[in-house]
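Coordinate analysis (summary)
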Amino acid sequence: KQAEKAVHQKKEQSKTKCRKARRRHINLVAEFNRRQRKNIWLETHIWHAKRFHMVKKWGYCLGDSPTEKSYRACYRAMTKHCLLQDLSYYCCLELTGKENELLKQLARICSIDTGLTFEEACCLSGRFEGSLNLYRADRYPEDMLGPVTFIWKPRDGSENRQLWIWMHPALKQDMLRELKAVFQCSEPEEIYIPEPITTTIQEEKQMDVVLSLGKKRKKEDKEGEKAVPVKKIIGDGTRDPFQSYSWISQNTGIVISDRTMEILRYRLIGPLSHSVLTETLKAASLQTV
């Protein structure tokens, strides 16, 4: 009787909700994480998915073309107002170390004949962003890797500096391999993290959560292990969470870190871009301890 009563109450509750609410997933975070296991979503994915045809490229799910006429509106925003583009799919590599050592090795993969370099005074101060073409070490003008943009963190009085380099995701692996070879960086020692022992009660709770995610959800993955309902996406989605994402040089102490999808990047185009930024963002007060 109690079981029949519970089923009857459940039916009454379902009737009070609309069809859209009944079809809505119980745990949206778990569902979204499951759907972006192979191709990671940008922070603006939901907005773009409602208005664009999406394509899967370079491990991301990106907006390709709009579903309705919007070219005139975009052109009007670029010429009179402000247009925002999400460039967070661009990969970011962070270099940390002494300024002299960084400039010495970076000079091997660029040339002053092509224009600006990492040593440009306006860029070295951290006030402006620079762009240049990178080549393989000591191979200019042959073996070009591709174009990049960079920005230095302003000086804070110490010898160490931080440099952020942004590149297209198709060029990430080649440039990362070349930077590791130039600075002689090796992967840090792997830290073994033991897996917690799961009790029978915890296993039952996990199965209940998996079953509540829907009938189409598979209980087991390809390896036959129980699927975890919520998976945290780290980095660019193609990197194992337990894989190292920073490399250090034992000789110079320079550290190369992969900051992809950890530092978001947006581009504002239009005459009112500065006004939008000043109205949206507020400068934080610096507090020294």
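Below is a summary of the structure that appears in this document. Computed from a predicted structure; not experimentally measured.

**Comments concerning a nonpolar patch on the surface**
A grouping of L84, L264 and Y266 is seen on the molecular surface, where their side chains present a nonpolar patch of about 270 Å² in accessible area. With respect to the helices and strands, the residue L84 is situated in strand β4 (residues 83-86).

**Notes on the nonpolar core**
One finds L95, L106, F118, L134 and F183 to be the most contacted residues of the largest nonpolar core, which totals 37 residues. Every element with two or more residues in this core is listed here: β3 (60-66), β5 (91-98), α6 (99-106), α7 (121-124), β6 (130-135), β7 (144-152), β8 (160-167) and α8 (172-182). Sequence-distant contacts of L134, defined by excluding residues within four places in its chain, comprise I109, C110, F118, M144, L145, G146, V148 and M175.

**What to know about α6**
Where α6 is concerned, the buried positions are E99, L102, L103, Q105 and L106. Elements that come into contact with the buried residues of α6 comprise β5, α7, β7, β8 and α8.

**Side note on the sheet that holds β5**
One open sheet accounts for 7 strands, arranged β6-β7-β8-β5-β11-β10-β9; its pairing is antiparallel. Looking along the sheet, the strands with just one partner apiece sit at the ends: β6 and β9 (185-186). Set on the sheet, α8 makes contact with β5, β6, β7, β8, β9, β10 (246-249) and β11 (255-258); between it and β7 the angle comes to about 75°.

**Observations regarding the packing of aromatic side chains**
Counting across every chain of the model gives 5 aromatic pairs. Ring centres 4.7 Å apart and planes at 50° place the aromatic pair F118 and F150 in the tilted group. In this pair, F118 sits in the loop between α6 and α7 while F150 sits in strand β7, placing the two residues 32 residues apart along the sequence. In terms of burial, F118 and F150 fall into one category: buried. Connected via pairs of aromatic rings, a cluster forms that spans Y60, Y89 and Y90.

Rules and cut-offs
- Residues numbered from 1 in each chain as written.
- Predicted model: local features only at pLDDT ≥ 70, side-chain atom pairs only at ≥ 80, totals over all residues.
- Heavy atoms only, no water.
- Patch = residues over 30% accessible without salt bridge, like charges linked within 9 Å, V, L, I, M, F, W, Y side chains within 5 Å.
- Areas by Shrake-Rupley, 256 points an atom, 1.4 Å probe, with all protein chains shown as cover.
- Salt bridge = Lys/Arg side-chain N within 4 Å of Asp/Glu carboxyl O.
- Helix = DSSP H or I, 4+ residues; strand = E, 2+ residues; numbered from the N terminus.
- Core = buried A, V, L, I, M, F, W, Y, C linked by side-chain atoms within 4.5 Å.
- Buried < 20%, exposed > 50% of the residue type's maximum accessible area, 1.4 Å probe, protein only.
- Contact = heavy atoms within 4.5 Å.
- Pairing = 2+ DSSP bridges.
- Axes fitted to C-alpha atoms, helices over the stretch in contact; angles between N-to-C directions.
- Phe/Tyr/Trp six-rings, centres within 6.5 Å; stacked < 30°, edge-to-face > 60°.

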